[in-house]
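Structural overview for review
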Amino acid sequence: MMLKNKVALITGGAGGIGLATAKLFLEEGAERVAIVDFSEENLKMAEETLGTEKVLYIQADVSKAEEVKNYTNKVKTELGKIDVLFLNAGVEGVVKPMEHYPEETFDQVMAVNVKGVWLGMKYAFPIMKSDGGGSVIITSSVAGLRGTAQVSAYVGSKHATIGLMRVGALEGAPDNVRVNSIHPSPVDNRMMRSLEDGFAPGMGDTVKENFTKMIPLGRYANNEDIADLALFLASDKSKFITGATYVIDGGFTV
Ligand SMILES: NC(=O)c1ccc[n+]([C@@H]2O[C@H](COP(=O)([O-])OP(=O)(O)OC[C@H]3O[C@@H](n4cnc5c(N)ncnc54)[C@H](O)[C@@H]3O)[C@@H](O)[C@H]2O)c1
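Residues numbered from 1 in each chain as written. Predicted model: local features only at pLDDT ≥ 70, side-chain atom pairs only at ≥ 80, totals over all residues.

**A look at helix α8 (residues 223-234)**
- With twelve residues, α8 extends 16 Å between its outermost C-alpha atoms, agreeing within 8% with the 16 Å of an ideal straight helix rising 1.5 Å per residue.
- Burial in α8 covers these residues: Ile226, Ala227, Leu229, Ala230, Leu231, Leu233 and Ala234.
- The elements touched by buried residues of α8 are β1 (7-11), α1 (16-27), β4 (84-87), β5 (134-139), β6 (177-184) and β7 (245-248). (Helix = DSSP H or I, 4+ residues; strand = E, 2+ residues; numbered from the N terminus. Expected span 1.5 Å × (residues − 1). Buried ≥ 20, exposed ≤ 12 C-beta atoms within 10 Å, placed from the backbone. Contact = placed C-beta atoms within 7 Å.)

Now the structure itself:
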């Protein structure tokens, strides 16, 4: 029961990693979990999967200030506090070299993956600070640590979250708000299927095989692997850890 009495808010909470994490947080005794997601379809599926009154479902776009203000206030009002803020919503954009990369896609990826994280901290920090602190976990990627051709917006956005995480760690520390980022290699879920198909349309399986060969542990991560790391960072077992980048990649970046 690593999260007994804790209230957690997960953005992108109805997607692959987010939903697996919500499930684990509940199993580990979280008092309440708020799931924020843009996709009504995913939210409906999450509700069907979790089916508990302990979960508050909120439809919101993390890149819009008004909506972030609303979701943070709603969680404070309805659930009383925010002990854990998992800023996990993200989009992959498209796979194209920079000279062909659509500017509007670049803007959208930055808005969700970077501004969404910034807005999340901006509006949740006052709540977390006034309630004695808490843990913020930002989902970056191995794409935040190294380059990959043809995914400039995604790679740029995931590098940027490390900067935001570091500033958040410094600004949160005096009030016991810890901020860390996690950096998964390919995870076996929808986002990777989309990227695999982007790299070689119709030949996603071959792309997956090639990526897998680059991972010393010999497989993609699954959503639950990432949830386990989020649980550690959410819990008091990590109470002296802040400002850290946690690579979870089966040895991919070694
Ligand atoms: N899948 C991977 O291989 C992988 C690897 C490293 C990092 N990540 C990161 O993990 C995080 C979670 O992704 P996932 O793998 O679970 O993919 P996913 O697509 O299953 O989940 C992402 C969720 O974010 C939601 N979302 C997208 N835009 C949003 C917005 N504007 N406002 C609110 N919600 C929004 C989606 O509706 C979706 O439910 C992302 O930040 C992603 O970049 C994924």
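Having put the structure on the table, let's press on.
**Regarding the site of the ligand**
- Lining the immediate environment of the ligand, one finds 28 residues, of which Gly12, Gly15, Gly16, Ser39 and Gly90 sit closest.
- Here the shell around the ligand is built from residues that sort into twelve nonpolar, 13 polar and three charged. (Near = placed C-beta within 6 Å. Nonpolar A, V, L, I, M, F, W, Y, C, P; charged D, E, K, R; others polar.)

**Observations concerning the packing of α1 against α8**
- With their axes 8 Å apart at the nearest point, α1 and α8 run at an angle of 55° to one another. One element, α1, and the other, α8, form an angle in the oblique class. Crossing hand, α1 versus α8: right-handed. Packed against α1, whose contacting residues are Gly16, Ile17, Ala20, Thr21, Leu24 and Phe25, the element α8 presents Asn223, Glu224, Ile226, Ala227, Ala230, Leu231 and Ala234 at the interface.
- Along the lines of polarity and charge, the residues of the contact of α1 with α8 split into nine nonpolar, three polar and one charged. (Axes fitted to C-alpha atoms, helices over the stretch in contact; angles between N-to-C directions. Parallel < 35°, antiparallel > 145°, perpendicular 65-115°, else oblique. Left-handed = near helix turned anticlockwise from the far one by under 90°.)

**Focus: unusual backbone geometry**
- Phi at Asn5 is positive, roughly 70°, even though this residue is not glycine.
- Here Asn5 is to be found in the segment before β1.

**Topic: the pairing of β4**
- Covered by surrounding structure in β4 are Val84 and Phe86 together with Leu85 and Leu87, the residues of both alternating faces.
- Summarising the sheet, β4 and β5 pair through four bridges and their orientation is parallel. In the strand pairing of β5, Phe86 is matched with Ile137.
- Crossover connection from β4 via helix α4 (residues 103-130) to parallel β5: handedness right-handed. (Pairing = 2+ DSSP bridges. Right-handed = clockwise from strand over helix to strand, strands pointing away.)

**Description of the sheet that holds strand β2 (residues 32-37)**
- Taken together, seven strands build an open sheet; the order of strands is β3-β2-β1-β4-β5-β6-β7 and the sheet is parallel. Since the sheet does not close on itself, it has two edges, and those belong to β3 (55-59) and β7, each with one partner. The mean inter-strand angle of the sheet, taken between neighbouring strand axes irrespective of direction, is 15°.
- As paired strands, β1 and β2 are joined by five bridges and run parallel to one another. Across the sheet, Ile10 pairs through a bridge with Ile35, a residue of β2.
- Strand contacts of helix α5 (residues 152-172): β5, β6 and β7, with the helix running at about 160° to β6, the strand carrying the most contacts.

**Comments concerning the pairing of β2**
- Within β2, six of the six residues are buried, which leaves it mostly tucked inside the rest of the structure.
- Because side chains alternate across β2, one face comprises the buried residues Arg32, Ala34 and Val36, and the other comprises Val33, Ile35 and Asp37, equally buried.
- This β-α-β element, β1 to α1 to β2, shows right-handed connectivity.
- Two strands pair when backbone bridges link them, and β2 and β3 are joined in this way by five bridges, in the parallel orientation. By the bridge assignment, Ile35 is partnered in β3 with Tyr57.

**Describing the environment of Leu119**
- Of note, Leu119 is situated in helix α4.
- The spatial distance from the C-alpha of Leu119 to the C-alpha of Leu43 is 21 Å, given a sequence separation of 76 residues.
- Not counting residues up to four positions away in its chain, the partners in contact with Leu119 are Val62, Ala65 and Val68.

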